[in-house]
Amino acid sequence: MSGDNILEVQNLKVDIPVTAGMLHPVRGVSFTVARGETLCIVGESGCGKSLTSLALMGLLPKTAIRTADRMDFLGQDIRDFKERRMAALRGVKMAMIFQEPMTSLNPAYTIGNQLMEVYRRHISKNGSEARARAIFLLEKVGISAAASRLSQYPHQLSGGLRQRVMIAMSLMCGPDLIIADEPTTALDVTIQAQILHLLAELQDEFEMGMILITHDLGVVARVADQVQVMYAGTTVEEGPCQAVFDNPLHPYTAGLLRCIPVPGKAKRGSKLGSVPGIVPNLVGDLQGCMFRNRCAHASSICETLSGEPTRIDDGHAFTCRLTPEEAAKTAAVQGVA
Amino acid sequence: MSETALRTVDVSCVFEVSQGFMKGTKPLRAVNGVSLNIPKGRVVGLVGESGCGKSTMANILLGLQKPTSGDVMSGDSLYYGQQTGYLDRKKIARRIQPIFQDPYSSLNPTKTIHSIVCLPLRIHNIGDPSKWDKKVYDILDLVGLPKRVAQSYPSQMSGGQRQRVAIARALIMKPEVVICDEPTSALDVSVQSQILNLLQDLRQELGLTYLLISHNLAVVEHMADRVAVMYLGRIVEEADANTLFDDPRHPYTKALLGSVLTPDPSLGVPDTHLGTVFPNPIDPPSGCSFHPRCSECMDICSKKAPKPSVEGGRMIECHRYQTNEAEVA
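Residues numbered from 1 in each chain as written. Chains lettered and ligands numbered in written order. Predicted model: local features only at pLDDT ≥ 70, side-chain atom pairs only at ≥ 80, totals over all residues.

Take the overall build of chain B next. When its secondary structure is counted, chain B shows 10 helices and 11 strands. Over its C-alpha trace chain B gives a radius of gyration of 21 Å, about what one expects of a compact globule, namely 20 Å for 329 residues. With the C-alpha coordinates of chain B rotated into their principal frame, the extents come out at 70 × 50 × 50 Å. Within chain B, residue pairs in contact and separated by at least 24 positions form 64% of the contacts whose partners lie at least 6 positions apart. (Helix = DSSP H or I, 4+ residues; strand = E, 2+ residues; numbered from the N terminus. Rg over C-alpha atoms; globule rule 2.2 N^0.38 Å. Contact = placed C-beta atoms within 7 Å.)

What follows is the structure in structure tokens.
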């Protein structure tokens, strides 16, 4: 592990007791984020990607149980941090951008009030300092007439502008790590491109690490340095972005890539690939590969598979019974079909 | 061109928006003189950003919203030459059915799937009530749902299953035109591809006509035969899908196409040059409404609104291509 990693997580698990038994939405994920690097966590709804981010922020529901072999943030072990110490980190050192800019801003307070609150709470009580910082950041995220916007309410702004305000808010205290949970899902394609552009620029400028959580493989391909593909609470494939997209090894990754229509590649009106079936129930004792009931290459071995990833070069790894050669072959064959 | 299933002629829809207490109202032109042809058996895609009037168009075509002016005509196969805007809603509903965006809010949570899918038959009193059960099971089978779901409630189903129910409910009337308003944008990618495949299959099997409304150009490019691009209530470019995607002309179409993120890691995030300011539809810009965001803006654009010019099968509203045409002519 190199020294510039700002976050190292090993074997993070989240368990939530429900009436039917114990729900295991996150079942051992490990990753590191280096300064200036973007890690994309991609997967379908219910795969545990959002809970992973909430677990990092210490924002899980009260009943949830979080365990990890290691959770180091800026060299501190944050596993046993009590609420007060976490609160001092949240918003200051690690900040979050949520999916819905419509619902994550408080409609009853002005933009300025909400922007300055976090600064005044954590950094300095000085109101004019906070105001200057808010104006500086609103301009940074491309909002014109920033000073006059401070007195506006969220409903007076469009979706794209609100998301820009959310981004400015997350930057108020100069965090080292930004966790963006589906930051562009609710936005138009044109605005999406702008927001992603902005995030990349700001990340360069402020040298932050970023965890981007999304289900859109198009977004992942364009912004990620490292990719984690999650399925049913585990990482099924991880590695550098280029390697994962050029050479998807896990049948699930390959399947997802075949599902999206790509202009110019797929023939118009032809059948899209699909991943049949639905995500499994994660309550109770779980064994083996959870993808086996949707996988075309499942065999009896999959029922008892340990979940130890097969590592190939450069940190590219996948968790499957297939050998890398077999996996590459099956992914390629399906790609043609 | 083949037979027309549905046609709008110069349709406008104006909403009066209150400006506050005692300040009167201002008109908002949600749809501003749109003429759209939907040929029978084809898929017409309608794309544009939010707020451009695509969903108002859908409501007008469904008879849920009366246009302020203009005609909605149904082709020979429908109500010949009549204006559906003045037709009985029930009559429209028998021929034109919607599939809405969000399968979580478009199904009544207190009704069983059977009752949801059967409701159109009951309202329109179609056929013999003793045969309704069979019809419901047939249609569920057609959209790939097992029989047993008939007695479950929407909350017991996944997003993809719910969207299948919505499709079943639309198809049980044996409509000729299905208006799909963002049918897959609330769904996961693997489910999206299942639903798109299903829509393709059903179209071939039942000879349906689709109006596919979406902001996802990759989906539209995959499904549609003909595509109309809408901006601030007007169609700015309309052409066959091949022509439009291979050779987009209008700067807005180019920007939209440029912002589609294909899963190709060697390309970065595209820069659309569109600016951050979406114009206020109550107070639209002078001349061409796109000119404040346009990267190819000329002097004339802010003064005069462009007229639509038709060349081959392509309609475009842009000063750049009007001059060309004038020269050619």
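Right, let's talk about the overall build of chain A for a bit. What chain A contains, in helices and strands, is 11 helices and 13 strands. By the compact-globule yardstick of 20 Å for 337 residues, chain A fits well, its C-alpha radius of gyration being 21 Å. With the C-alpha coordinates aligned to their principal axes, the bounding extent of chain A is approximately 65 × 50 × 40 Å. Within the span of chain A, comprising 337 residues, buried residues form 45% of the whole. Sequence-distant contacts, at least 24 apart, represent 67% of the contacts inside chain A between residues at least 6 apart. (Buried ≥ 20, exposed ≤ 12 C-beta atoms within 10 Å, placed from the backbone.)

What follows deals with unusual backbone geometry. Residue and element names in this part refer to chain B. For Asn 125, which is not glycine, the phi torsion reads 50° and is therefore positive. A tally of 7 C-beta atoms within 10 Å means that Asn 125 is categorised as exposed. In this structure, Leu 232 is a non-glycine residue whose phi angle is positive, near 50°. Structurally, Leu 232 is set in the loop between strand S8 (226–231) and strand S9 (234–240). Given 24 C-beta atoms within a 10 Å radius, Leu 232 is considered buried.

Let us look at the environment of Val29(A). Residues and elements named next belong to chain A. Within the secondary structure layout, Val 29 lies in strand S2 (residues 21–34). For Val 29 and Ile 278, which are 249 residues apart along the polypeptide, the C-alpha to C-alpha distance reads 21 Å. In this view, Val 29 contacts Leu 12, Thr 52, Met 230, Thr 234 and Thr 235; residues no more than four positions away in its chain are not counted.

The subject of this paragraph is the packing of helix H6 (residues 159–171) of chain A against helix H7 (residues 189–206) of chain A. Residues and elements named next belong to chain A. Running from amino to carboxyl end, H6 crosses H7 at an angle of 15°, the nearest separation of the two axes being 11 Å. The orientation of H6 with respect to H7, classified from their angle, is roughly parallel. Where H6 crosses over H7, the two elements pack in a sense that is right-handed. Along the contact surface, H6 presents Gly 160, Gln 163, Ile 167 and Leu 171, while H7 presents Ile 191, Gln 194, Ile 195, Leu 198, Leu 199, Leu 202 and Phe 206. Of the residues assigned to the contact of H6 with H7, the class counts are eight nonpolar, three polar and no charged. (Axes fitted to C-alpha atoms, helices over the stretch in contact; angles between N-to-C directions. Parallel < 35°, antiparallel > 145°, perpendicular 65-115°, else oblique. Left-handed = near helix turned anticlockwise from the far one by under 90°. Nonpolar A, V, L, I, M, F, W, Y, C, P; charged D, E, K, R; others polar.)

A few words on the interface of chain B and chain A. Opposite the 38 residues of chain B that make contact, chain A presents 41 residues. Elements with a contribution of two residues or more to the side of chain B that touches chain A: helix H6 (189–206), helix H7 (217–223), helix H8 (241–246) and helix H9 (251–258) of chain B. Here the residues of the side of chain B that touches chain A sort into 18 nonpolar, 15 polar and five charged.

All names here are of chain B. Averaged over all residues, the pLDDT of chain B equals 85, while 92% of them reach at least 70. Low pLDDT (under 50) marks residues 325–329, which in the prediction has two contacts with non-local residues, meaning those over four places away or in another chain. As a predicted assembly, this complex carries a pTM of 0.85 together with an ipTM value of 0.81. (pLDDT = per-residue confidence, 0-100.)

Turning next to the sheet that holds strand S1 (residues 4–18) of chain B. Backbone hydrogen bonds are what pair the strands of a sheet, in a parallel or an antiparallel way. Residues and elements named next belong to chain B. Overall, antiparallel pairing links the three strands, which are arranged S2-S1-S4 in an open sheet. Either end of the sheet is taken by a strand with one partner, and the two such strands are strand S2 (25–39) and strand S4 (69–74). Neighbour to neighbour, the strand axes of the sheet diverge by 20° on average, direction disregarded. Note: S1 against S2, 11 bridges, orientation antiparallel. Opposite Cys 13, over in S2, you have Val 31 as the bridge partner. Relative to the sheet, helix H1 (residues 54–61) contacts S1, S2 and S4, its axis offset from that of S2 by approximately 65°. (Pairing = 2+ DSSP bridges.)

Moving on to the sheet that holds strand S6 (residues 177–181) of chain B. Residue and element names in this part refer to chain B. Pairing within the open sheet is mixed, and its eight strands lie in the order S5-S6-S7-S3-S8-S9-S11-S10. Both edges of this open sheet fall to strand S5 (96–99) and strand S10 (309–311), since each of them pairs with a single strand only. Here the strands of the sheet are splayed against their neighbours by 20° on average, with no regard to which way each runs. Sheet analysis places S5 next to S6, joined by four bridges and oriented parallel. From the neighbouring strand, Ile 96 faces S6, where its bridge partner is Val 177. Its contacts with the sheet place helix H5 (residues 159–171) against S5 and S6, and it is angled at close to 175° to S5. With respect to the sheet, H9 is in contact with strand S3 (43–47), S8 and S9, its orientation differing from that of S8 by roughly 105°.

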